[in-house]
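These are the residues of each chain, in order.
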Amino acid sequence: MTLINEPLPEKISPLDDADIARMQTSAATIDSHLASGRPVYGLTLGFGPLVTFEADSEDEQGNSLISHLGTAQGRPLDPEAGRLVVWLRLNSMRKGFSAVSPEFWQRLADLWNAGFTPAIPRDGTVSASGDLQPLAHAALAFAGHGEAWVRGEGGQWSLAPAREVLAGLGSEPLEWPVREALAFVNGTGVCLAVSLLNQRSAVRLVRAISSLTARLTDLLGGNPEHFEEGVGQARGQVGQLKVARWLRAELPAGHTREERRPLQEPYSLRCAPQVLGAVLDQLDMAGDVLTRESEGCTDNPLTYEGKVLHGGNFHAMPVGFASEQTGLALHSAAFLAERQLGVVLNPTTNGDLPIMLTPRAGRGAGLAGVQISATSFISRIRQLVTPASLTMLPTNGWNQDHVPMALNSANGVGEALELAWLTVGSLALATAQLAAITGRAGQATGVWAQLAEISPALEADRPMAIEVRRAAELLRSHADTLLTDGS
């Protein structure tokens, strides 16, 4: 299955001879085109709907491009996303389709290698001619405008004026030639970066919920027959088979159904392989699309086999749909976790254990507050993952009349994932309290012993918000370890 799981390298590799040759050939193609008197978008003509007007100065055009697009707003993307954005643009520009100067490319790469990380506002692009506004802010940071992220000795990130950060690295602000400016901002790098990180997080979410499902099945004495290989083989769905294998591997050896449990558990337990497997399959497809996008060139214009081609590779519809599919899939996984929480807290389905798993019913309310918050999380997730492609609006005069809103989608999915992980943390607390109330907490090992330390038995009600967050981080780390190890 596709899992975008490789961390960014600490250094981007320098251009090799083949890279330089491709980039020089691309630039020569543009020069030949210009010498023949043929128009080239952004070089001899204006931008967007101003393409009908001639442009006289390439130098002025570069500054004009990144300046007029400096209209993005909102809090900046996380530094991890900001670094990935620039890495993706550098990866695209070195492929030899964009007429980018190798010398200018190397200056950008050297600054990235030195840790320069633009602060990129997240709102204000329609992702149609690429993520113009956020990428312009990244370019402006390299030119000494706006802010950049700085990493302290303890690893914490803070914001500082970009000009000061550049000076601290011994660099003057860059002047953007129009060819390089156009290649940098005409791309899907921002929505792509956020979507890649979202897809990675969503896969970890599924792995974490799978672990919790196995733990709950063990503690409740549920029927392991639901996860048998034969069930998946009869259907033939890849994701279902994979999740069922995860579940079987995490159940104790010899686990059997306890007589007090029903032959067929509620769907949130019985159908976990089918639901989470379907989510994995969708994430796999989204990952394939995003991987292809990260390996391609999304500039305009571009050169190919001696031709200058004006096209629309910057239109982020592939990323937008992949992002939306990630969002719809993660909602289903998070909702499954919330429904499992409901099973554990209800005496009708938890085996006549106390409601809300409180040992002090009446005087205590147990996990009632935790469940109410989890319900709110799911409701908000549904708002956030509503497909942004359904909100398309034409803009930019007559020019951008079909726009994907891909970064709007990716930002919403990212926020939804934060709430989904809190839902996982909520379910994890219920798992810890179930182990405690059934006398199994002391037998716990590994991640479940760590969870018992985070959320010890409820002898009296207490605020649990911090426990939810800590449990979510524990399960996130656990899922990361399992996936890294291939288990």
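What you see is a predicted model, and the numbers here were worked out from it, not measured in a lab.

Go over the overall build of the chain with me, naming the residues and quoting the values.
The secondary structure content of the chain amounts to 17 helices and seven strands. Sequence separation of 24 or more characterises 80% of the internal contacts of the chain that already satisfy a separation of 6 or more. Surface accessibility of the chain: about 20800 Å² in total, with carbon and sulfur atoms responsible for 52%. In the chain, the 37 positive side-chain charges and the 51 negative ones have mean positions that sit 8 Å from each other.

Which residues make up the sheet that holds strand S2 (residues 117-118), and what values go with them?
Across the sheet, three strands lie side by side as S2-S4-S5; this open sheet has antiparallel pairing. Only two strands of the sheet have a single partner each, and these edge strands are S2 and strand S5 (157-161). Pairing between strand S4 (residues 147-151) and S5: five bridges, direction antiparallel. Residue pairing in the sheet places Ala-148 in a bridge with Ala-160 of S5.

Please give an account of the packing of aromatic side chains that cites residues and values.
One pass over the full model with this rule turns up four aromatic pairs. Considering the side-chain rings of Phe-97 and Tyr-304, the 6.5 Å spacing of their centres and the 20 degrees angle between planes classify their relative orientation as stacked. Taken as a pair, Phe-97 in the loop between helix H3 (79-93) and helix H4 (102-113) and Tyr-304 in strand S6 (residues 302-304) lie far apart in primary sequence, 207 residues in all. For Tyr-304, a relative accessible area of 42% translates into the label partly exposed. An aromatic cluster of three or more residues is present, and its members are Phe-104, Trp-176 and Phe-184. Over the face of the ring belonging to Trp-246 we find Arg-207, whose NZ or CZ atom lies 4.3 Å from the ring centre. For Arg-382, the ring lying beneath its charged end belongs to Phe-335, and the centroid distance is 4.9 Å.

Break down the pattern of salt bridges for me, citing the residues and quoting the values.
Here the structure, examined in full by the defined rule, presents 15 salt bridges. Of the charged contacts in the structure, one is a salt bridge between Arg-260 and Glu-258, with a shortest N-O distance of 2.8 Å. Via salt bridges that share partners, Asp-19, Arg-22 and Arg-94 belong to a single interconnected network.

Summarise unusual backbone geometry; cite the residues concerned and give the values.
With omega at -10 degrees, the peptide bond leading from Asn-300 into Pro-301 counts as cis. As for its placement among the helices and strands, Pro-301 is situated in the loop between helix H12 (272-294) and S6. Phi at Ser-127 takes a positive value of approximately 60 degrees, unusual for a residue other than glycine. Positionally, Ser-127 belongs in the loop between strand S3 (121-123) and helix H5 (132-142). Taking the relative accessible area as the measure of exposure, Ser-127 reaches 0% and is therefore buried.

Any details on the environment of Leu-328? Residues and values, ideally.
Along the polypeptide, Leu-328 turns up in helix H13 (residues 317-345). Residue Leu-328 is classed as partly exposed on the basis of its relative accessible area, which comes to 40%. Each C-alpha atom of the pair Leu-328 and Val-413 lies 8.8 Å from the other, and the pair is 85 residues apart in sequence.

Lay out the pairing of S4 with the relevant residues and their values.
One ladder, built from two bridges, connects S2 with S4; its direction is antiparallel. Across the sheet, residue Pro-118 finds its bridge partner in S4, namely Ala-148. Linking S4 back to S5 in an antiparallel pair, the connection comprises five residues, with Gly-155 at a positive phi of about 90 degrees.

Outline the packing of H12 against H13, supporting the account with residue identities and numerical values.
Contact pair H12 / H13: the axes reach a minimum separation of 9 Å and the direction vectors enclose 160 degrees. As the angle between them shows, H12 and H13 are arranged roughly antiparallel. Of the two elements, H12 crosses H13, and the hand of that crossing is left-handed. Each of Ala-272, Val-275, Leu-276, Val-279, Gln-282, Leu-283, Ala-286, Val-289, Leu-290 and Glu-293 in H12 lies in contact with H13, whose residues at this interface are Pro-318, Val-319, Ala-322, Gln-325, Thr-326, Ala-329, Ser-332, Ala-333 and Leu-336.

Requested: an account of the nonpolar core, with residues and values cited.
Core analysis: the largest hydrophobic core is formed by 69 residues, its most contacted members being Leu-330 and Ile-381. Secondary-structure elements contributing two or more residues to this core are helix H8 (189-220), helix H10 (238-250), H12, H13, helix H14 (368-384), helix H15 (406-437), helix H16 (446-454) and helix H17 (465-484). It is H15 that contributes the most residues to this core, 14 residues altogether. With near-sequence residues (within four places) excluded, Ile-381 lies in contact with Leu-330, His-331, Ala-334, Ala-416, Leu-419 and Ala-420. Counting 59 residues, the second largest nonpolar core, distinct from the first, contains Leu-69, Ala-143, Ala-316 and Leu-407.

Outline the packing of H14 against H15, supporting the account with residue identities and numerical values.
The axes of two packed helices give the description: the angle between them and the distance between them. Across the interface, H14 lies against H15 with an axial gap of 9 Å and an inter-helix angle of 160 degrees. Judged on the interaxial angle alone, H15 and H14 are roughly antiparallel. The hand of the H14/H15 crossing is left-handed. Judged by residue contacts, Val-370, Ala-374, Phe-377, Ile-378, Arg-380, Ile-381 and Leu-384 of H14 engage Gly-412, Val-413, Glu-415, Ala-416, Leu-419, Ala-420, Leu-422, Thr-423, Ser-426 and Leu-429 from H15.

Explain the environment of Leu-345 to me, and be specific about the residues and the numbers.
With respect to the element layout, Leu-345 can be found in helix H13. Remark: the alpha-carbon pair of Leu-345 and Ala-368, spanning 23 residues in sequence, is separated by 8.3 Å. If near-sequence neighbours (up to four positions away) are discounted, Leu-345 is found in contact with Asn-350, Pro-354, Ile-355, Met-356, Leu-357, Leu-367 and Gln-371.

Outline the side chain of Asp-299, supporting the account with residue identities and numerical values.
Among the structural elements, Asp-299 can be located in the loop between H12 and S6. Only 2.7 Å separates the side chain of Asp-299 from the side chain of Arg-89, close enough to count as a polar contact. Beyond its immediate sequence surroundings of up to four residues, Asp-299 is in contact with Arg-89, Ser-92, Ser-98, Ala-183, Asn-186 and Asn-313.

Scoring rules and cut-offs
- Residues numbered from 1 in each chain as written.
- Predicted model: local features only at pLDDT ≥ 70, side-chain atom pairs only at ≥ 80, totals over all residues.
- Heavy atoms only, no water.
- Helix = DSSP H or I, 4+ residues; strand = E, 2+ residues; numbered from the N terminus.
- Contact = heavy atoms within 4.5 Å.
- Areas by Shrake-Rupley, 256 points an atom, 1.4 Å probe, with all protein chains shown as cover.
- Lys, Arg positive; Asp, Glu negative; His and termini not counted.
- Charge placed at Lys NZ, Arg CZ, Asp CG, Glu CD.
- Pairing = 2+ DSSP bridges.
- Phe/Tyr/Trp six-rings, centres within 6.5 Å; stacked < 30°, edge-to-face > 60°.
- Buried < 20%, exposed > 50% of the residue type's maximum accessible area, 1.4 Å probe, protein only.
- Lys NZ or Arg CZ within 6 Å of the ring centre and 35° of its normal.
- Salt bridge = Lys/Arg side-chain N within 4 Å of Asp/Glu carboxyl O.
- Axes fitted to C-alpha atoms, helices over the stretch in contact; angles between N-to-C directions.
- Parallel < 35°, antiparallel > 145°, perpendicular 65-115°, else oblique.
- Left-handed = near helix turned anticlockwise from the far one by under 90°.
- Core = buried A, V, L, I, M, F, W, Y, C linked by side-chain atoms within 4.5 Å.
- Polar contact = N/O pair within 3.5 Å; in protein donor to acceptor, adjacent residues only side chain to side chain.

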